[in-house]
Each structure stands twice: as C-alpha cells, then as structure tokens.
Amino acid sequence: MVDRLATTCGPLELANPVLAASGTFGYGESFERFWPLDTIGGFVTKTLFPAPRDGNPAPRVAETSAGMLNSIGLANVGWEAFVRDKAPRVNELRGSARMIVNIAGNSPEEFGEIAARVEADNGAVRCDAVEVNVSCPNVKEGGTNIGCHLDQFRDAVRRVRAATGLPLFVKLSPNVADVVPFARCAADEGADGVSLINTLYGMQIDIERRWPVLGTGSGGLSGPAILPVGVHWVYKVRAALPDLPILGIGGIANWRDALQYLMAGAQAVQVGTASFVNPDACPEVLAGLDRWCATRGSSIRDAIGAAHRAGEPAVEPVWTG
Amino acid sequence: MTPGATWTIPLQEVEVVAEGTYWLRFQRPHGLACEPGHFFMLSPAFPGVPFLGRPLSIGDVHGGRLHFLLRALGRATRWFRGLQPGAPMRLVGPLGRPFDPPDREVHRLVAGGIGLAPFFYLARRLRESRPGARIELLYGERAAATHVELDGAGGELFDVVERFTDDGSRGASGTVVDGAVGRLDGVQAAWYGCGPHPMLRALAGRLEEAGVTGAQFSLEERMACGFGVCQACIVPNRSGSPRYRLLCMEGPVVDPREVAW
C-alpha cells in the first residue's frame, strides 16, 4: 500500500508533499537542532552560484503586514564550498529527504556553467533534482531580471537543460504580467516541472528618515501576504498546462495553506518564510496534512488539482465569519 | 552550534518599570537552560502583527522564570507591552554565542538605554562563578524617566551602580561612554558593553585607545530567523575576510576589535 502522504512531482518521488523552500533552509543542515531532516519530503538549498557572493549591505530584511521584505542579495558560499563543506554533512543527515540544488548565475552563460558543475560533481553531491532561480539580475544585460524577460529566460533554461540530465524545475517569478508563457517556455525547453512563485517586488519607506528601509531600496516580498498570489498562478498554470508538474510556493504557514496549493494543482509544496518565524512550520504543515488524510480516509493525491474539476461543488458555501 | 529549540508558552506577566520599559516574564520550561548573552526570538504563537520574531537577550533567569527587558520603541515592542497574561507566545532559543567572562577582579558592565537588558543575568551568574569579584554597572539613559530602578530584584546584583543622563537629571551628567572613560584606571577589569550602535562604536574606540583587550559587546541587528538561515543580521568584519559575519551565529556577543564600526 502506498503511503497516504506519498506524492510524485514529475520524475521526483517524494515521501510526502512538504519541502523546505530555497533561501529559508540554508544548505539543509540548519534545522538539525529542531527536527530530523527526513521528517519532510525534501528541501531546496539556498541559491548557489559558481562563485561565492557576500550579498547586499544591511538592512537586508524588513517586516511588513503578514510578511517580510528581503534583499539578501543571494549571498552564498559558492558551488565549490558547497560540494566540499556542505553536501557531505547534509547527506549524512537527510535520509529519505530529497535534496534539490537551487542554482543561478549572473548571465545565461553562467546558468549553463553552474548546471554543468552540478552534473559533473553529482557523484559526490548526490542531489535529486535541480531548481533554477531565474529571479536574479543579468549583470551583463544591465541588471534586468532574467526571470522577467522571456528571451533571456529561455536562453538560461536551454543552457541548463543542455548541461544536465537531472530532474529540472524552473522557479518562476511573479513579477510579470502573465506567468503562464514562462511556464510554457520552461516546458518547451525540457524542464521537468516548475516551482512557483518566487518573491514579489516590494519597498518599505522609513517615514522618519524619508528613505527606503532596505539597504538596496527594494526587495522581495514573502510570507502569508503573498499566499493568494501564489495560489492564483499555480491554478492558472495548471489550467493552461495540466501535464506540467508544479511545486507550489508562496506564503504557506499551515496545512490549510498547503492544501490550497495542492487543490490549485501543485503536486507538492514548499514552505519558506514561515520557517523563520516558526522553525517547526514544515513538520506542523505535514502533521496537519496527515490528519486531513486520516480524517477523510483519503490520500493526499486526492487533493491535487481538486479545485479544477468540472461543474459546481455539491456543497453550498458557508460563511463562517 | 547552540541547542536552540521552539517553545510555545503563555506569557506570565508584563511589568512596566520605567517610561516605555517593561519586563516580559515566563515560567521557565523544563529543560530550558541558557547562559548570559544568549538570545531568544520572541513572537506571538499565532503570527499576525507582528509577523516576524524579535531577537531579545535573556534579561534574567531567576525564581523559576525567564525575564526579558524591553522598551516599546517599534511595532513589536509596543505590541508586546499590551499583551495580557496567558497570551500564547513562541520562544525560539537559546540562540547565539553568549558572554564568556574571564577570571578578573573587576567586571565592568556598560549599558546604554535598553542595552541594560542582558546585564541582570550576567551579574547574577558572575556572582556565582566569580565570588569576591566586584561587579560595576555603568548605566546611561538620555532622560531620567527611562532609568530603570535597580532596587529589589536587581539591586543586589551590582556592587557599584553609576547612572548617567544627558542633562544630569538622574546621576552624573553626560553619556555612559564619558563615564566609562573615567573608569579607564589601569585596573585589569573585564569590560562588557550593550547599547545603541553609536554608543558601542564610541566605547570600542575608547577601550582600544586605552589598550583594553578582551572586551565583550552584545550587539543587535535585524533578524528574521535567529539561527543562521535568513542571512539578514550581517556585521562587517574588521579583517574584511570574510566580509560579514552573521550576528546570530558569531554573536550577538562579539569582541569589539573584530568589528568594522
């Protein structure tokens, strides 16, 4: 009998549908003090570049209503240090949890370069999939965001796909008029699935200083505030591309939020910012989904895409206040 | 690595002790042990406003309770002040690198404003671990109204208390850094500092000029997580390599000579 929480997202088989999102889980080792890593279905590493990056000046975070802004600037240890210092340790810890390596570069060429290094080093690294973070500035092209320009996006995804045979997920930016063409492009270029959404552009002004709070001015908005945005785009991408596997991300703080993403069409979810506030967020979401399955005698797979079925629900809506 | 964990416990008491300044108290959960200088991320158990946790030094551990000293200056610190006993709170910790008191005859604690917070527990533990040592508190506030009284629970912790205000309305006139300079007396004291960044920058400069080594400052930075993941709490290293440290992991207690102020 298949476990009621087991799910697959394209080529990725998961013991359960809860993953920890990139940038909120370090390189997999940081939550060891709170709970065993193999509790969850998997995790996505912090975005790795070919070379280390110090990141942006402070302040790097600001609280917003039901969320936060960040301008960390993709600070990371670089691929070499990850292979040498991080991967061996996390492989000892992770058990059945899937490791998805998140990668990026400063140009489409660099995306190809880092993907080739993942492919070359994966005998040692043993990651289960690659997630591409296209929400970063293209330094050569004047800093415009690769994930917001379809031609650069296609170029980057094509180079990554050519460089690696690992399961490939492309993490999509919501900072576009329509996410669906980007999802379609990723599918056309051979990606095995898409992760959505990344953070939304945002800014907070310090009204005393009359100046932006973040050191870089603007940053990325995350947290419960963006949940409906993510659910919207997962629903739209699923409707347009029903066969494209989806990892749902954005504002998940509890099992009800996760279930919304699954019903919108995601095969699994990633919990991000909530883990900053509550380090037990991932296991708590998972426990809630398990209770939901147990109560209904169903499997989590019954929820996936459930909001798309034809016809009106038999049950009338009830407003509970 | 610090042995942090997540604790969801009810708030026991809010006690206002000076203008905008209050203690949050909790019953100490079984199994929770911490050192002076450790911090906890505090947030409502059901996050809304505020959303993120706030990093707070442990103020005191005493009478089976955890004590945190706060000042209502921002969104969360104002909100916490209005909480009622029983409010469910999330504490993540203990986190960070605590004070590591050296074996000295004199321990000089320099507090600016709400930077007083970690020194109750530090003094309490120094009393136990360094019997006979003299514990001096130099404590400055801008104004008399925000000076926290130290009689009762706090009074017996310090052998000497010197107060400072900008206008001299409580204690000596001037900043606590002025007061500290007056104490650079050649005695091999252990120095500790906590307070606003400009105060600590000035104090670091004066201590360095005087050739004081081994000082320990508890710094503060914006944090989202408190355990090395969000990468927000960067402090520039004087060595420049690496360029930054994460205060939550390589802090909050630092050697001021290692910081690019």
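The structure displayed is predicted, hence computed values, not measured ones.

Caption draft 1: Structural context of the overall build of chain B. Summing up its helical and strand segments, chain B has four helices and 17 strands in all. Rg of the C-alpha trace for chain B: 18 Å, near the compact-globule value of 18 Å for 261 residues, within the 12% margin. In terms of overall dimensions, chain B has a C-alpha envelope of 50 × 45 × 35 Å along the principal axes. Sequence-distant contacts in chain B: of pairs separated by 6 or more residues, those separated by 24 or more amount to 67%.

Caption draft 2: Representation of the sheet that holds strand E17 (residues 253-254) of chain B within the structure. Residues and elements named next belong to chain B. The mixed open sheet is built from seven strands, whose spatial order is E12-E11-E10-E9-E13-E14-E17. A single partner strand is all that each edge strand has here, and the edge strands are strand E12 (172-173) and E17. Of the strand pairs in this sheet, strand E9 (residues 106-112) and strand E13 (residues 189-194) are connected by six bridges, and their pairing is parallel. Residue pairing across strands places Val110 opposite Gly193, the latter belonging to E13.

Caption draft 3: Here's a closer look at the interface of chain A and chain B. On the chain B side, the residues contacting the 26 residues of chain A number 29 residues. Where the side of chain A that touches chain B is concerned, the elements lending two or more residues are strand E5 (61-64), strand E6 (67-70) and helix H7 (274-277) of chain A. Broken down by element, the side of chain A that touches chain B gets its largest block of residues, three residues, from E6(A). Here the residues of the side of chain A that touches chain B are counted per class, giving twelve nonpolar, nine polar and five charged.

Caption draft 4: Inspection of the domain arrangement of chain B at higher detail. Residues and elements named next belong to chain B. Split by domain assignment, chain B resolves into domain 1 (5-95) and domain 2 (106-258). Computed over C-alpha atoms only, the centres of domain 1 and domain 2 are separated by 21 Å. Breaking the side of domain 1 that touches domain 2 down by element, the ones donating at least two residues are strand E2 (13-18), strand E4 (39-44), strand E5 (54-57), strand E6 (60-62), strand E7 (65-71) and strand E8 (88-95). In terms of residue count, the dominant contributor to the side of domain 1 that touches domain 2 is E6 (three residues). Residues belonging to the side of domain 1 that touches domain 2 are distributed by class as follows: twelve nonpolar, seven polar and three charged.

Caption draft 5: Expanded view of the pairing of E7(B). Residue and element names in this part refer to chain B. With six of seven residues buried, E7 lies mostly within the body of the structure. One ladder, built from three bridges, connects E6 with E7; its direction is antiparallel. Considered in E7, the bridge of His62 is made with Arg65. Between E6 and E7, which pair antiparallel in sequence order, lie two residues; one of them, Gly63, sits at a positive phi of approximately 60 degrees.

Caption draft 6: Quick look at the sheet that holds E4(B). Residues and elements named next belong to chain B. In spatial order, the strands read E1-E8-E4-E5; together these four strands make up an open sheet with antiparallel pairing. The open sheet has two free edges, formed respectively by strand E1 (5-10) and E5, since each of these has just one partner strand. Pairs of neighbouring strands in the sheet enclose a mean axial angle of 30 degrees, with direction left out of account. With four bridges joining them, E4 and E5 adopt antiparallel strand pairing. The residue of E5 that forms the bridge with Phe39 is Ser57.

Caption draft 7: Broad picture of unusual backbone geometry. Cis geometry is found at the peptide bond from Ala58(A) to Pro59(A), where omega equals -10 degrees. Along the chain, Pro59(A) turns up in the loop between strand E4 (42-44) and E5. Here Gly251(B) and Pro252(B) are connected by a cis peptide whose omega angle stands at 5 degrees. Topologically, Pro252(B) is positioned in the loop between strand E16 (244-246) and E17. Phi is positive for Arg126(A), which is not a glycine, with a value near 60 degrees. Inspection of the secondary structure assignment puts Arg126(A) in the loop between helix H2 (108-125) and strand E8 (129-133).

Caption draft 8: Region of interest: the packing of helix H5 (residues 227-240) of chain A against helix H6 (residues 255-264) of chain A. Residues and elements named next belong to chain A. Between H5 and H6, the shortest axis-to-axis distance is 8 Å and the interhelical angle comes to 20 degrees. By the angle class used here, H5 and H6 are roughly parallel. Note that H5 runs across H6; the crossing there is right-handed. Only Asp257, Gln260, Tyr261 and Ala264 of H6 make contact with H5, whose side of the interface consists of Leu227, Gly230, Val231, Val234, Tyr235 and Arg238. Considering only residue class, the contact of H5 with H6 consists of six nonpolar, two polar and two charged.

So, how was this worked out
Residues numbered from 1 in each chain as written. Chains lettered and ligands numbered in written order. Predicted model: local features only at pLDDT ≥ 70, side-chain atom pairs only at ≥ 80, totals over all residues. Helix = DSSP H or I, 4+ residues; strand = E, 2+ residues; numbered from the N terminus. Rg over C-alpha atoms; globule rule 2.2 N^0.38 Å. Contact = placed C-beta atoms within 7 Å. Pairing = 2+ DSSP bridges. Nonpolar A, V, L, I, M, F, W, Y, C, P; charged D, E, K, R; others polar. Domains from an automatic or database assignment. Buried ≥ 20, exposed ≤ 12 C-beta atoms within 10 Å, placed from the backbone. Axes fitted to C-alpha atoms, helices over the stretch in contact; angles between N-to-C directions. Parallel < 35°, antiparallel > 145°, perpendicular 65-115°, else oblique. Left-handed = near helix turned anticlockwise from the far one by under 90°.

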